2 protein chains.
Amino acid sequence: DAAFLGINRHAVIEVTAELAAMGCGGAVCFASGFAETGDDDLQQQLVEAAGDMPLLGPNCYGVLNYLDGAMLWPDQHGGRAVDRGVAIISQSSNIAINISMQARGVPIAYTACVGNQAQTSLADMARSLLADPRVTAAGLYIEGIVDAGDFAAMVAEAAAAGKSIVAIKSGKTEAARHAASSHTAALAGDGAASSAFLARCGVIEATSPEEMMEVLKILHLFGRLPGNRLTAMCCSGGEAGLTADLAGSRQLVWPQIPDANRRQLAETLGPLVALANPLDYHTFIWG
Amino acid sequence: DAAFLGINRHAVIEVTAELAAMGCGGAVCFASGFAETGDDDLQQQLVEAAGDMPLLGPNCYGVLNYLDGAMLWPDQHGGRAVDRGVAIISQSSNIAINISMQARGVPIAYTACVGNQAQTSLADMARSLLADPRVTAAGLYIEGIVDAGDFAAMVAEAAAAGKSIVAIKSGKTEAARHAASSHTAALAGDGAASSAFLARCGVIEATSPEEMMEVLKILHLFGRLPGNRLTAMCCSGGEAGLTADLAGSRQLVWPQIPDANRRQLAETLGPLVALANPLDYHTFIWG
């Protein structure tokens, strides 16, 4: 059905052509040393050898399918079988591995790496995985976008299906653009421009894998939140204050507690608790 | 030697006076319902009852001494015995508990809560704990500073002993100031002013417990870093790019790799690795 090519980058060309001729369903090219190290010719040969056969990579680890238990992957991973969940699509296989080790309770349905995107682009892969009804949202690690129009169309299709996308876009700094270029041959472009592009598409931008996973957790459970009004209940004024300050620099609003709720809370919590939002409900009611 | 007072806030006054008369070494007042709920009189009675006896609180959990195995604490904690480490001094006992559960590898020597700071202030406590040669640095959770001059003097004394302080200062937002007021009766003041004050004292300001603990890890191991020049080695261009972008918004510099090191690296890593800082050293050398 599909092949994982864990062989030398020169040998991989002929084997790819043979697989395509056999009608293989698709192949992952693990080898690196193509466009990202300056060998555009070799990468072009690989694409031509694949022809109509879907090809992931080169310079990538392949696919982890936690829904059906199908793995084309050369290394460890930290995921487990799920019935539904989010899709992670990454140009960096190492970031994908590390995300698979998350202990944040986010169900991961698929992890797919696209490496140099020689044939199958990150947008192609995201489109395919988001078409699965068991996939609730997608998280992307992007170094370079091959076709901006196609990427925007993919995001719009996902939005029409009620699915949101969060992305880390590498290359905000010169040092990161250099790393992207020698990593997946991506032209990472200017940080402000790519942020503006992602925002216009409707992609939520995250700055770290931790932030991306926490956003995915919300998207998986609830989809996009309908508003920016926030409440929090803490048994300590310390956490209430910390929560308020952490929200402070964002476009979030703490509405006042409505009078009816205020009366109920006063009855329950007693006279020593100051009613406010965020609410420090104290520990008096613990008896 | 010392007493933990886990009794009603009205009963605690008389017992505190008795302990002081007996020459008790110090007491922790766990009860709340003093100045933070508007009862300044009761808090004043408590301070007078203590007299010269050191008193922590009211409205606080006390002290965890992981160096000598001495605990005056009414709840769970997640620490373990250490020979040296950092001191955590917090107005919020709940934040102190949560920090004690950290899995970040920071050795915690002491955790001390000061609650309403009725008698012993956060600066008093920090000064005492930083005087212990086994304490390497301090992390503070501050709602209000009782005496700015004394606080600044405490930080200067610590700096003279080569010990640095990192702090979370609650109250950057109106919602957080309200929480601080009803939590420990602290007048949290304006966020910009308190940040400027902390910076002028030489205190490193953190915005979250996670950030505070990571800063404490560096302070414990190395003290203050002498410069802002940074290098990173990653086996993936993804992580190299992510590191570069995360550093990008801070005052950090990625120096070029010196020529001599560049030659050595080229010999070791081979011709397919682009030498840059941060360095994506690839996995070719893994054979």
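Residues numbered from 1 in each chain as written. Chains lettered and ligands numbered in written order. Predicted model: local features only at pLDDT ≥ 70, side-chain atom pairs only at ≥ 80, totals over all residues. Heavy atoms only, no water.

**A closer look at the domain arrangement of chain A**
Part 1 of the argument: Segmenting chain A into domains produces domain 1 (1–53), domain 2 (60–222) and domain 3 (233–286).
Part 2 of the argument: Centre-to-centre, using C-alpha coordinates, domain 2 of chain A lies 37 Å away from domain 3 of chain A. (Domains from an automatic or database assignment.)

**Focus on the packing of aromatic side chains**
Part 1 of the argument: Enumeration according to the criterion identifies eight aromatic pairs over all chains in this entry.
Part 2 of the argument: Measuring from ring centre to ring centre gives 5.7 Å for Phe-4 of chain A and Phe-30 of chain A, while their planes differ by 40°; the resulting arrangement is tilted. Here Phe-4 of chain A, found in strand E1 (residues 3–5), pairs with Phe-30 of chain A, found in the loop between strand E2 (27–29) and helix H2 (40–50); they are 26 residues apart in sequence, far enough to count as distant.
Part 3 of the argument: On the accessibility criterion, Phe-4 of chain A (28% relative accessible area) is partly exposed.
Part 4 of the argument: Geometrically, the ring pair formed by Tyr-61 of chain B and Trp-73 of chain B is edge-to-face, given 5.5 Å between the ring centres and 85° between the ring planes. In this pair, Tyr-61 of chain B sits in the loop between strand E3 (55–56) and strand E4 (63–65) while Trp-73 of chain B sits in the loop between strand E5 (70–72) and strand E6 (85–90), placing the two residues twelve residues apart along the sequence.
Part 5 of the argument: Judged by relative accessible area, which is 13%, Trp-73 of chain B ranks as buried. (Phe/Tyr/Trp six-rings, centres within 6.5 Å; stacked < 30°, edge-to-face > 60°. Helix = DSSP H or I, 4+ residues; strand = E, 2+ residues; numbered from the N terminus. Buried < 20%, exposed > 50% of the residue type's maximum accessible area, 1.4 Å probe, protein only.)

**A short note on the relation of the copies chain A and chain B**
Part 1 of the argument: In the superposition of chain A on chain B (RMSD 0.0 Å, axial shift 0.0 Å), the rotation amounts to 180°. Each copy turns onto its partner about a two-fold axis.
Part 2 of the argument: When the interface residues of chain A are mapped onto chain B, 98% of them again lie at the interface, so the same face is used by both copies. (Least-squares fit on C-alpha atoms with pLDDT ≥ 70 in both. Contact = heavy atoms within 4.5 Å.)

**Details of the pairing of E6 of chain B**
Residue and element names in this part refer to chain B.
Part 1 of the argument: The element E6 is extensively covered by neighbouring structure, given that six of its six residues are classed as buried.
Part 2 of the argument: Strand direction decides the pairing type here: E6 and strand E8 (residues 135–142), joined by five bridges, are parallel. Considered in E8, the bridge of Ile-89 is made with Leu-140.
Part 3 of the argument: Bridge count for E6 against strand E7 (residues 108–113) is five bridges, and the pairing is parallel. Bridge pairing in E7 places Ile-89 opposite Ala-112.
Part 4 of the argument: Tracing the backbone out of E6, into helix H3 (residues 93–100) and back to the parallel element E7 gives a crossover that is right-handed. (Pairing = 2+ DSSP bridges. Right-handed = clockwise from strand over helix to strand, strands pointing away.)

**Some words on empty space enclosed by the protein**
Residues and elements named next belong to chain B.
Part 1 of the argument: By the definition in use, this model includes two cavities of 30 Å³ or more.
Part 2 of the argument: Of the pockets and cavities examined, the largest cavity occupies roughly 50 Å³.
Part 3 of the argument: For the largest cavity, the full set of lining residues is Gln-117, Ser-121, Leu-122, Ala-123, Gly-144, Ile-145, Val-146, Asp-147, Asp-150 and Phe-151.
Part 4 of the argument: At the level of secondary structure, the elements contributing two or more residues to the lining of the largest cavity comprise helix H4 (122–130) and helix H5 (148–160). (1 Å grid on protein atoms, 1.4 Å probe; cavity = no way out; pocket = protein on both sides within 12 Å on 5 of 7 lines; lining within 4 Å. Points joined across faces, edges and corners; volume = space filled by probe spheres on them.)

**Some remarks on the state of the cysteines**
Part 1 of the argument: In total, this model carries zero disulfides over all chains according to the counting rule given.
Part 2 of the argument: Among the cysteines around Cys-113 of chain A, which has no disulfide bond, Cys-60 of chain A carries the closest sulfur, lying 6.0 Å off. (Disulfide = S-S within 2.5 Å.)

**Focus: the environment of Ala-17 of chain B**
All names here are of chain B.
Part 1 of the argument: Looking at where Ala-17 falls in the secondary structure, it is placed in helix H1 (residues 11–22).
Part 2 of the argument: The exposure class of Ala-17 is partly exposed, given its relative accessible area of 33%.
Part 3 of the argument: C-alpha of Ala-17 to C-alpha of Val-47: the two residues are 30 residues apart in sequence and 9.5 Å apart in space.

**Some remarks on the packing of helix H1 (residues 11–22) of chain A against H2 of chain A**
Pairs of packed helices are described in terms of their axes, by the angle between the two and the distance that separates them.
All names here are of chain A.
Part 1 of the argument: It is at 7 Å that the axes of H1 and H2 come closest, and there the two elements cross at 15°. The pairing of H1 with H2 is recorded here as roughly parallel in orientation. As H1 runs across H2, the sense of the crossing is right-handed. For the pair H1 and H2, contact is made by Val-12, Ile-13, Thr-16, Ala-17 and Ala-20 and by Leu-42, Gln-45, Leu-46, Ala-49 and Ala-50, respectively.
Part 2 of the argument: For the contact of H1 with H2, the per-class residue count stands at eight nonpolar, two polar and no charged. (Axes fitted to C-alpha atoms, helices over the stretch in contact; angles between N-to-C directions. Parallel < 35°, antiparallel > 145°, perpendicular 65-115°, else oblique. Left-handed = near helix turned anticlockwise from the far one by under 90°. Nonpolar A, V, L, I, M, F, W, Y, C, P; charged D, E, K, R; others polar.)

**Quick word on the interface of chain A and chain B**
Part 1 of the argument: Each partner contributes residues to the interface: chain A has 46 residues there, and chain B has 45 residues.
Part 2 of the argument: When the two sides are added together, the surface that chain A and chain B hide from each other amounts to roughly 3100 Å², 64% of it contributed by carbon and sulfur.
Part 3 of the argument: When the buried area of chain A at its contact with chain B is split by residue, Leu-242, Asp-245 and Leu-272 of chain A rank highest and sum to 17% of it.
Part 4 of the argument: Where chain A touches chain B, the interface holds zero salt bridges.
Part 5 of the argument: At the boundary of chain A with chain B, the tally comes to 14 residue pairs in polar contact (both at pLDDT 80 or more).
Part 6 of the argument: Elements supplying a minimum of two residues to the side of chain A that touches chain B: helix H3 (93–100), strand E9 (164–169), helix H6 (174–184) and helix H9 (237–248) of chain A.
Part 7 of the argument: The element best represented in the side of chain A that touches chain B is H9 of chain A, accounting for ten residues.
Part 8 of the argument: Class assignment of the residues belonging to the side of chain A that touches chain B gives a composition of 18 nonpolar, 21 polar and seven charged. (Buried area = accessible area lost by both parts, 1.4 Å probe. Salt bridge = Lys/Arg side-chain N within 4 Å of Asp/Glu carboxyl O. Polar contact = N/O pair within 3.5 Å; in protein donor to acceptor, adjacent residues only side chain to side chain.)

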